[in-house]
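Okay, here's what each chain looks like letter by letter:
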Amino acid sequence: MHPRRLPSLSALRAFEAAARHESAKQAAQELSVTATAISHQIRGLEEALGVALFVRKPRQLELTSQGRELQQVLEASFDNIGNVIERLKTTPARQAVTLSTTPAVAVRWLLSWVCMLRDSHPGIDLRFHASHEAVALDGVTADLAIRYGDGRWPGLVAEKLFDNIFIPACSPYLDLRDAADLTQHPLIHFRPQATSVSPVDWAGWQKHARIPGLDVSAGLVFSDETHAISAAIGGQGVALMSRPLIADELAEGRLMQPFGPELAGKPFYLVYPESRRQDPTILAIRDWIVAVPGGLCPLPQ
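Residues numbered from 1 in each chain as written. Predicted model: local features only at pLDDT ≥ 70, side-chain atom pairs only at ≥ 80, totals over all residues. Heavy atoms only, no water.

### Some remarks on the pairing of strand 12 (residues 268-273)
Then step 1. Counting buried residues along strand 12, six of its six residues qualify, which places the element largely inside the surrounding structure.
Then step 2. Both strand 5 (residues 144-148) and strand 12 contribute to a ladder of four bridges, which runs antiparallel. Paired with Tyr 148 across the two strands is Phe 268, which belongs to strand 12.
Then step 3. Two elements, strand 6 (residues 156-162) and strand 12, share six bridges in a ladder whose sense is antiparallel. Paired with Lys 160 across the strands is Tyr 269, a residue of strand 12. (Buried < 20%, exposed > 50% of the residue type's maximum accessible area, 1.4 Å probe, protein only. Helix = DSSP H or I, 4+ residues; strand = E, 2+ residues; numbered from the N terminus. Pairing = 2+ DSSP bridges.)

### A look at the pairing of strand 2 (residues 60-63)
Then step 1. Only one face of strand 2 is covered, namely the one carrying Leu 61 and Leu 63; the face carrying Gln 60 and Glu 62 has none of its residues buried.
Then step 2. With four bridges joining them, strand 1 (residues 54-57) and strand 2 adopt antiparallel strand pairing. Looking at strand 2, one finds that Phe 54 is bridged to Leu 63.
Then step 3. Between strand 1 and strand 2, which follow one another and run antiparallel, lie two residues.

### Quick notes on the sheet that holds strand 9 (residues 220-222)
Then step 1. Sheet architecture is open: five strands sit in the order 9-8-10-7-11, paired in mixed fashion. The sheet is open, and its two edges are formed by strand 9 and strand 11 (263-264), each paired on a single side.
Then step 2. The sheet strands contacting helix 7 (residues 202-209) are strand 7 (165-169), strand 8 (187-190), strand 10 (238-242) and strand 11, and the helix crosses strand 10 at an angle near 100°. (Contact = heavy atoms within 4.5 Å. Axes fitted to C-alpha atoms, helices over the stretch in contact; angles between N-to-C directions.)

### Examining helix 1 (residues 9-21)
Then step 1. Under the 1.5 Å per step criterion, the end-to-end length of helix 1 is 18 Å for 13 residues, consistent within 8% with the ideal 18 Å.
Then step 2. Every buried residue of helix 1 is accounted for by Ala 11, Leu 12, Ala 14, Phe 15, Glu 16, Ala 17, Ala 18 and Ala 19.
Then step 3. Check the buried side of helix 1 and you find it contacts helix 2 (24-31), helix 3 (35-49), strand 1, strand 2 and helix 4 (65-89).
Then step 4. Phi turns positive one or two residues past the end of helix 1, at Glu 22, with a value near 55°. (Expected span 1.5 Å × (residues − 1).)

### Notes on the packing of helix 2 against helix 3
Then step 1. The interhelical angle for the contact between helix 2 and helix 3, taken along N-to-C directions, is 105°, at an axis separation of 8 Å. As far as their axial angle goes, helix 3 and helix 2 are roughly perpendicular. Between helix 2 and helix 3, the residues in contact are Ala 24, Lys 25, Ala 27, Ala 28 and Leu 31 and Ala 35, Ile 38 and Ser 39, respectively.
Then step 2. Its residues assigned to classes, the contact of helix 2 with helix 3 shows six nonpolar, one polar and one charged. (Parallel < 35°, antiparallel > 145°, perpendicular 65-115°, else oblique. Nonpolar A, V, L, I, M, F, W, Y, C, P; charged D, E, K, R; others polar.)

### Considerations on helix 2
Then step 1. For helix 2, the complete set of buried residues consists of Ala 24, Ala 27, Ala 28 and Leu 31. Viewed end-on, helix 2 has its buried residues packed into an arc of 100°, placing them on one side of the element. Exposed positions of helix 2 whose direction lies more than 90 degrees from the buried face are Lys 25 and Gln 29.
Then step 2. Here the buried face of helix 2 lies against helix 1, helix 3 and strand 2.
Then step 3. The N-cap of helix 2, judged by a side-chain oxygen 3.3 Å from the amide nitrogen of Lys 25 a few residues on, is Ser 23.
Then step 4. Looking one or two residues beyond helix 2, the residue adopting positive phi is Ser 32, at roughly 60°. (Arc of directions from axis to C-beta. Polar contact = N/O pair within 3.5 Å; in protein donor to acceptor, adjacent residues only side chain to side chain.)

Right under this line is the structure:
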């Protein structure tokens, strides 16, 4: 494609303004330059084209036939450019949505599938707020959340995502098979620094298992669930983990469940304000979460 051979765009703009006003002075005022600069631009344009564009009279610029032809083309072109610029300026801004959830749910379940949301809704910018606390869904701190609890939060729609079953889990390299041998291995604890919902812990598990000599206060302690999972994968001990969040490691054999019992924790729910039940952006995030693979129970349609 051959490059366009155009005169100076500033000269064309100066000419169009002068032609529209029939005055170099008024064109200068519109373009915030001097009348001398306008006259200089027009003379340069005439020299470049080899034609006269104006008949110069004492108090008025009168277009020649060639000038009228050029003025009509430029006026239509500049109008089209202006219309496109205005349309682009009024294009709806990108929508930022903040989803609050626990670090483990964000990292181990959702992050790998953000591409699905980006493909289906490229105009939405998803922001994660990682917390174990129930933060305000006020559109400032967060817009919607994935929380574990009893599903009753006044003023919020709560849709159950999945049950939260906790199991003992460890690396197969520990070769742990019998619950009685648990006393010979370090326990890995997950204790969030601040949370309004108590997680299932080894003390609660021991009430059901009743392993003689098991010290549930000893072992490695992590405030981040993902770190506790990494320690278990690395063979650093036995962790009490949410089964849905380690499903991939169990399926791939990097973690194993050597024995029971299994304990039911609080289920996870998708929650958002009642007032935003029909909000298209909220519904887009909801639909994305429903479609994320991982064996989680689908939400009702």
